[in-house]
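Close look at the chain arrangement
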Amino acid sequence: EIYGVSGSKNCMGALLLITDRQLGRLVPTMPGPEGTQTEEFLAMNPFHAVPTLKDGNIIVAESSAILRYLATRYVPQLYPPVDPKRRGYIDW
């Protein structure tokens, strides 16, 4: 699950990946007292920022970290660990 806002450019990459690969769903979460500042959300991400990924017991925050985690775990052919040059272009 990606906790975030569908129109947010920070959330967009992770949302596109989970949608394209059918890996999960968006849990709409707006900044503020009824979204990112609830006790439940703050237990996942004390910085109360979106996007935040919940994959079973694993919580990942920050859009680039989420994309790297999802690619490494679910679509490693898109994020090859053996080619440092290609990996450098992807991470840049």
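Our structure is the block above this text.
Residues numbered from 1 in each chain as written. Predicted model: local features only at pLDDT ≥ 70, side-chain atom pairs only at ≥ 80, totals over all residues. Heavy atoms only, no water.

1. Here's the deal with the sheet that holds strand β2 (residues 26–28)
Taking strand neighbours across the sheet as the criterion, the four strands line up as β2-β1-β3-β4 in an open arrangement whose pairing is mixed. At either margin of the open sheet sits one strand with a lone partner, and together these are β2 and β4 (58–61). Sheet twist, expressed as the mean angle between neighbouring strand axes with direction ignored, is 25°. Two strands pair when backbone bridges link them, and strand β3 (residues 52–55) and β4 are joined in this way by four bridges, in the antiparallel orientation. Following the sheet pairing, L53 is matched in β4 by V60. Contacts between helix α1 (residues 9–20) and the sheet are confined to β1 (2–4) and β2, with β1 contributing the most and set at about 145° to the helix. Here helix α3 (residues 63–74) sits on the sheet in contact with β1, β3 and β4, set at roughly 135° to β4. (Pairing = 2+ DSSP bridges. Helix = DSSP H or I, 4+ residues; strand = E, 2+ residues; numbered from the N terminus. Axes fitted to C-alpha atoms, helices over the stretch in contact; angles between N-to-C directions. Contact = heavy atoms within 4.5 Å.)

2. Topic: the nonpolar core
I2, L53, I66 and L70 are the most contacted members of the largest nonpolar core, which totals 19 residues. For this core, the secondary structure elements donating two or more residues are β1, α1, α2 (39–44) and α3. It is α1 that contributes the most residues to this core, five residues altogether. When sequence neighbours within four positions are dropped, the list of residues in contact with L70 reads L17, I18, L23, L53 and V75. (Core = buried A, V, L, I, M, F, W, Y, C linked by side-chain atoms within 4.5 Å. Buried < 20%, exposed > 50% of the residue type's maximum accessible area, 1.4 Å probe, protein only.)

3. Points about α1
End to end, α1 covers 17 Å across 12 residues, agreeing with the expected 16 Å (1.5 Å per residue, within 8%). For α1, the full list of buried residues reads C11, A14, L15, L17 and I18. The arc that holds every buried residue of α1, seen down its axis, measures 165°, which confines them to one face. Across α1 from its buried face, at more than 90 degrees, point the exposed residues K9, L16, T19 and D20. Those residues of α1 hidden inside the fold are in contact with β1, β2 and α3. Backbone geometry just downstream of α1 places Q22 in the positive-phi region, at approximately 50°. (Expected span 1.5 Å × (residues − 1). Arc of directions from axis to C-beta.)

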